[in-house]
Amino acid sequence: MAIDELDAKLLSLLTTEPRLGVLECSRRLGVARGTVQARLDRMIARGVITGFGPDVSPAALGYDVMAFVTMEIRQVAGHDPVADRLAHIPEVLEVHTITGGSDLICRVVARTNADLQRVIDQIVEVQGVLRTSSVIALDTPVPYRVLPLVADVPRRVAR
């Protein structure tokens, strides 16, 4: 699904100022309110826009330690049963299946390094997890972002 330049501008605007309303977006982009609403509806329906929720900082909630935990799992039932069990651990923020020497990688948070050990112990207790390895993130010099991709899509499609 390709987006055009107007979609890219709308996504950029809402990413940088997520509290803007449709009317204000239309004013800033110089298009009709109905055009903005139709573009938003289309991008939601096609899965380009996946949510409008606030970005919450785990550190602001007292979770100052972030780590990545890789897991080797028992392959009998596949990844889904393990991922479903990991989803019940509040400190597990994401789970991805991966290639290489491990099967899954999780982004987890904890209040302290000692608390991280507790989280890892909970992960190891999950049925199907055979082995884990973890690394603590010291800093996030490039946080999660999609605007460079959004800006590049109209240019790439035009080529």
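Residues numbered from 1 in each chain as written. Predicted model: local features only at pLDDT ≥ 70, side-chain atom pairs only at ≥ 80, totals over all residues. Heavy atoms only, no water.

**Student:** What am I meant to see in the UniProt feature "domain: HTH asnC-type" (unreviewed entry) in the protein chain here?
**Tutor:** Following the UniProt record, the feature "domain: HTH asnC-type" (unreviewed entry) maps to residues 3-64 here. Structurally, residues 3-64 is divided into 53% helix and 0% strand, and its ends, taken at the C-alpha atoms, are 37 Å apart. (UniProt positions renumbered as here; feature names shortened; annotations may be inferred. Helix = DSSP H or I, 4+ residues; strand = E, 2+ residues; numbered from the N terminus.)

**Student:** Explain the environment of D103 to me, please; I cannot follow it from the model alone.
**Tutor:** Structurally, the position occupied by D103 is in the loop between β2 (92-97) and β3 (104-110). Measuring from C-alpha to C-alpha, the distance between D103 and G78 comes to 9.8 Å, with 25 residues separating the pair along the chain.

**Student:** Honestly, the pattern of salt bridges in this entry has me stumped. Any pointers?
**Tutor:** Think of it this way: side chains of opposite charge can pair up when their charged atoms draw near. What the rule picks out here adds up to 11 salt bridges. With a closest N to O distance of 3.6 Å, K9 and E5 form a salt bridge. Placement of both K9 and E5 in helix α1 (residues 5-16) is noted, with a separation of 4 residues, approximately one turn of the helix. As a salt-bridge pair, R118 and D115 come within 2.6 Å of each other at their nearest N and O atoms. With R118 and D115 both in helix α5 (residues 113-125) and 3 residues apart, the pair spans about one turn of that helix. On the basis of relative accessibility, which here comes to 36%, the residue R118 falls in the partly exposed class. The exposure class of D115 is buried, given its relative accessible area of 13%. (Salt bridge = Lys/Arg side-chain N within 4 Å of Asp/Glu carboxyl O. Buried < 20%, exposed > 50% of the residue type's maximum accessible area, 1.4 Å probe, protein only.)

**Student:** Please explain the pairing of strand β1 (residues 65-73) as it appears in this structure.
**Tutor:** Two faces belong to every sheet, and in a regular strand the side chains alternate between them. Bridge analysis of β1 against β3 gives 7 bridges, and the strand direction is antiparallel. Note on β3: the bridge partner recorded for F68 is R107. Direction of pairing for β1 relative to strand β4 (residues 129-137): antiparallel, over a ladder of 8 bridges. If you follow T70 over to β4, its bridge partner there is S133. (Pairing = 2+ DSSP bridges.)

**Student:** Could you clarify how one ought to interpret a nonpolar patch on the surface in this entry?
**Tutor:** A contiguous nonpolar surface patch, about 370 Å² in accessible area, is contributed by Y144, V146 and L149. Its place among the elements puts Y144 in the loop between β4 and α6 (147-158). By relative accessible area, which is 77% here, Y144 ends up exposed. (Patch = residues over 30% accessible without salt bridge, like charges linked within 9 Å, V, L, I, M, F, W, Y side chains within 5 Å. Areas by Shrake-Rupley, 256 points an atom, 1.4 Å probe, with all protein chains shown as cover.)

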